[in-house]
Amino acid sequence: MIIRPKVRGFVCVTAHPKGCEANVKEQIDYVKSNPAVENGPKNALVVGSSTGYGLASRIVSAFACHANTLGVFFERPSERGRTATPGWYNSVALEKAAKAEGLYASNINGDAFSQEIKDQAIERIRSNMGKIDLVVYSLAAPRRTDPKTGETYRSTLKPIGSDYSNKYLDTDKKTIQEATLEAATDEDIHNTVKVMGGEDWELWIQALKEAGLLADGCKTVAYDYIGPQVTWPIYKDGTIGRAKIDLRRAKDAISESLQPIGGQALISVNKAVVTQASSAIPGVNLYITILFKIMKDLGGHEGCIEQMTRLFADRLYRPDRSIPLDDLGLIRMDDWEMEAKIQDAVTEVWPKVTTETVDELTDFDGYQEEFLRLFGFGVKGVDYEADVDPVVDFD
Ligand code: NAD
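Thresholds applied
- Residues numbered from 1 in each chain as written.
- Predicted model: local features only at pLDDT ≥ 70, side-chain atom pairs only at ≥ 80, totals over all residues.
- Heavy atoms only, no water.
- Helix = DSSP H or I, 4+ residues; strand = E, 2+ residues; numbered from the N terminus.
- Rg over C-alpha atoms; globule rule 2.2 N^0.38 Å.
- Contact = heavy atoms within 4.5 Å.
- Phe/Tyr/Trp six-rings, centres within 6.5 Å; stacked < 30°, edge-to-face > 60°.
- Buried < 20%, exposed > 50% of the residue type's maximum accessible area, 1.4 Å probe, protein only.
- Expected span 1.5 Å × (residues − 1).
- Core = buried A, V, L, I, M, F, W, Y, C linked by side-chain atoms within 4.5 Å.
- Pairing = 2+ DSSP bridges.

**Focus: the overall build of the protein chain**
Right, so step 1: Each helix and strand counted, the protein chain has 12 helices and 13 strands in total.
Right, so step 2: For 395 residues, the compact-globule formula gives about 21 Å, and the C-alpha radius of gyration of the protein chain, at 20 Å, lands near that figure.
Right, so step 3: Dimensions along the principal axes, computed over C-alpha positions, put the protein chain at roughly 60 × 50 × 45 Å.
Right, so step 4: Intrachain contacts of the protein chain at a sequence separation of at least 6 include 77% that bridge at least 24 residues.

As structure tokens, this is what we get:
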């Protein structure tokens, strides 16, 4: 079939297998054009490995560090004439490319929050990989069922304390609108912490540790965002920010639990990038379009793969084995985004952006292109007029 993008709000309901494969290949080529990471991981588990930061972490693990990788994700294969989700196609492409280089790459598609998927991962690691020396935890999920109680929690993106009005970009209509977000209830906060906080990260590490599958000196890393003041009411000071505070609590608890094997838990605060998760956050897409224009003009613009390449080479696996941290004990990959010259420019531009000035003051076109690329559309070298089979499977 000929596959075209079908965008519905902040998702595209189709994905292009060849485009996704080409995207993964581009990321692999980028990693290979950089120096190899000499003392990187040899056996990596990536939870949330099919898109965004998790996919980039897996690509860097495999192609910069020559690590064997197990990827865990929640994606839909192609069925009844519908295309698969992009994370499915990405993971098939990654497995193929890794195997072509003689690397072990295996996948588990299912709910990472469940005990069943943790058990499957443990079994797979025990049988095929040996001990794990890096666990990347990169889930972005709308809901989680607590495996102990069976209760399901839904995460929300809401301000805390009072309602909050701000402008946002309607990408369908290319207009700047104003929206008011209702203040979170205590239950919203609790539920968001249950889904996006650190509890499940702790359960993964606990399960691996109890199975004796964590190598001495292993590292585990999860991802965080702080961003500029203009997004704080909805991000850092909102329900998702509370979940990130809980992630930091979990980091300390995990580090303590890993002390006997010399392991360490880390949090990397990453840059704002276009992913399926970030495009769903109200107001953040407007910030990203402004940020991208400024960072492309002033220098330092990065996507997931550039960020993760720098995270592994310049933070997690430096030749002298030191890991630079900020005052809160966090790795700061958002260092370039948060530079004063960049943020001063954002602060100056933000109030001036209106429907009339979107093209002039933001990187609207660049944002749209990157959004479509997430689904495999608009990728160089792909023939979008060609008939393609949407059914693509793992070996
Ligand atoms: P993403 O939407 O691109 O990826 C989410 C991943 O989680 C996918 O692999 C998906 O399959 C997987 N997933 C979701 N629910 C699952 C489930 N129940 N079981 C198994 N897998 C599941 O997201 P992203 O933007 O790369 O976010 C990853 C992390 O990075 C999050 O913690 C996010 O807060 C953080 N982060 C993102 C940004 C950004 O701008 N996108 C910036 C800083 C930090």
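**Section: the packing of aromatic side chains**
Right, so step 1: Counted according to the given criterion, the structure contains eight aromatic pairs.
Right, so step 2: Between F73 and F394, the ring centres sit 6.4 Å apart and the planes meet at 25°, which makes this aromatic pair stacked. Of this pair, F73 sits in strand β4 (residues 68–73) while F394 sits in the segment after α12 (364–373), placing them 321 residues apart in sequence. Each member of the pair, F73 together with F394, is buried.
Right, so step 3: Site record: aromatic cluster; members linked through ring pairs are F73, W88 and F394.

**Observations concerning helix α3 (residues 86–100)**
Right, so step 1: Relative to the 21 Å expected for 15 residues at 1.5 Å per residue, α3 spans 21 Å between its end C-alpha atoms, a close match to the ideal helical length.
Right, so step 2: Burial analysis of α3 places 11 of its 15 residues in the buried class, which makes it a mostly covered element.
Right, so step 3: When α3 is considered as a whole, its buried residues turn out to be P86, G87, W88, Y89, N90, S91, V92, A93, L94, E95 and A98.
Right, so step 4: Looking at the packing, one finds that the buried side of α3 touches α1 (17–32), α2 (52–65), β4 and β5 (105–109).
Right, so step 5: Where α3 terminates, the next one or two residues include G102, which has phi positive at roughly 80°.

**Quick look at the nonpolar core**
Right, so step 1: In this structure, L45, W201 and W204 are the most contacted members of the largest nonpolar core, which totals 77 residues.
Right, so step 2: The greatest single-element share of this core, amounting to nine residues, is contributed by helix α8 (residues 284–298).
Right, so step 3: Residue contacts for W201: discarding those within four places in its chain leaves Y137, T220, V221, A222, L247, A250, K251, I254, A265, L266 and I267.
Right, so step 4: Counting 36 residues, the second largest nonpolar core, distinct from the first, contains I28, C65, V221 and Y317.

**Side note on unusual backbone geometry**
Right, so step 1: In this structure, H66 takes a positive phi of about 55° despite not being glycine.
Right, so step 2: Within the secondary structure, H66 is located in the loop between α2 and β4.
Right, so step 3: For R80, which is not glycine, the phi dihedral falls at a positive 45°.
Right, so step 4: When its relative accessible area of 78% is taken as the criterion, R80 is described as exposed.

**Re helix α9 (residues 304–316)**
Right, so step 1: Most of α9 is tucked away: 10 of the 13 residues are buried.
Right, so step 2: If you check which residues of α9 are buried, you get C304, I305, Q307, M308, T309, R310, L311, F312, R315 and L316.

**Concerning the pairing of strand β10 (residues 175–181)**
Right, so step 1: Where strand β9 (residues 164–170) meets β10, seven bridges bridge the pair, whose relative direction is antiparallel. Within β10, the position partnered with Y164 by the bridge is L181.
Right, so step 2: Where β9 folds back onto β10 in an antiparallel hairpin, the turn is made up of four residues, including K174, whose phi is positive at roughly 55°.

It is worth stressing that arrangement in space is one thing and function is another; only the former is reported here.
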